Amino acid sequence: MAAAAADHIHAAGYQPTLITGDGLAGHKDGAEYDHIVATCAVRHIPPAWLYQVRDGGTITTTISGWMLASGLVRLTVHDDGTATGRFHTDQISYMLARPHERPPRPTFHQHPGTTRPTRVNPALLEDWTGQFLAQLAAPSAELMTTGTGVVLVDTATGSQAWTEPAGDGWTVHQHGPLNLWDQVEDALTTWQSTGSPAQSGFGLTVEPDGTQRVWMSAPDGPSWDLPV
């Protein structure tokens, strides 16, 4: 496929450098770069990209995850080893880079666990930003929908949460070591308490120690760590 792409672009009169390999490793022989633009999604920023961009350069990529929610972010790399930037309102999604993809999991079977009323409507997970927040709050969980509610299944622990209508509201059932719905619900209520900002109200900070935080409103606002 790479060879066919090269043939086409050469026929159009262009001669870019073509590297066939793991894009998460970048291309150190050509560094430093002014900009990196990724056309696959990642769960976190690969360290190689940060090392291969000059101070003041940028990284534009899509942050996604196992709920398949996504956000387009543009980071500026600083001379102190950090990288910061805000998300855009564009609703863009790409396939996850293969090493960042979800592992296989067993067929889902409902377990009753503990039951309580929900504090938010599960339909919030149908919102572009709401689903992105749910993914930040439960990064190792997958999201599924049923005819009557949503299902969260944690691929690491087997924990699960599933909702169903109950009168005028909703009930959630949670099973396993992680209370997935509690994590998601806390993030959603925090989002609602600040006026439910769009994706452009969020930003990302990458620290020199490797920590990567998505924050809301301001760098010192509510934040969630990416699964690095």
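Just so you know, these numbers come straight off a predicted model, no measurement behind them. (Residues numbered from 1 in each chain as written. Predicted model: local features only at pLDDT ≥ 70, side-chain atom pairs only at ≥ 80, totals over all residues. Heavy atoms only, no water.)

Draft legend 1. Up close: the overall build of the chain. Helix and strand content of the chain: four helices and 12 strands. Considering only C-alpha atoms, the chain reaches an extent of 65 × 40 × 30 Å along its principal axes. Looking at the chain residue by residue over its 228 residues, the buried ones come to 42%. Once local pairs closer than 6 in sequence are excluded, the contacts in the chain between residues at least 24 apart make up 51%. Accessible surface, the chain: about 11700 Å² in total, of which carbon and sulfur atoms supply 53%. With 11 positive and 23 negative side-chain charges, the chain shows a separation of 2 Å between the mean positions of the two kinds. (Helix = DSSP H or I, 4+ residues; strand = E, 2+ residues; numbered from the N terminus. Buried < 20%, exposed > 50% of the residue type's maximum accessible area, 1.4 Å probe, protein only. Contact = heavy atoms within 4.5 Å. Areas by Shrake-Rupley, 256 points an atom, 1.4 Å probe, with all protein chains shown as cover. Lys, Arg positive; Asp, Glu negative; His and termini not counted. Charge placed at Lys NZ, Arg CZ, Asp CG, Glu CD.)

Draft legend 2. Structural detail: helix α4 (residues 180-193). With 14 residues, α4 should cover 20 Å at 1.5 Å per step; its first-to-last C-alpha distance of 20 Å lies within 8% of that length. Trailing α4 by a residue or two, Gly 195 shows a phi angle of about 95°, which is positive. (Expected span 1.5 Å × (residues − 1).)

Draft legend 3. The arrangement of the environment of Trp 181 in detail. Mapped onto the elements of the fold, Trp 181 is located in helix α4. Between the alpha carbons of Trp 181 and Leu 152 there is a distance of 7.7 Å; along the sequence they are 29 residues apart. Filtering out sequence-adjacent residues up to four positions away, Trp 181 remains in contact with Arg 116, Thr 118, Val 120, Pro 122, Leu 125, Val 150, Leu 152, Ala 161, Thr 163, Val 172 and Gln 174.

Draft legend 4. Fine view of the nonpolar core. Core analysis: the largest hydrophobic core is formed by 46 residues, its most contacted members being Ile 45, Ile 59, Ile 63, Leu 152, Trp 181 and Leu 204. Ranked by residues supplied to this core, first place goes to α4 with six residues. Setting aside chain neighbours within four positions, we find Ile 59 in contact with Ile 36, Ile 45, Trp 49, Leu 50, Val 53, Val 73, Arg 74, Leu 75 and Val 77. (Core = buried A, V, L, I, M, F, W, Y, C linked by side-chain atoms within 4.5 Å.)

These results come straight from atomic positions and should not be treated as a statement about function.
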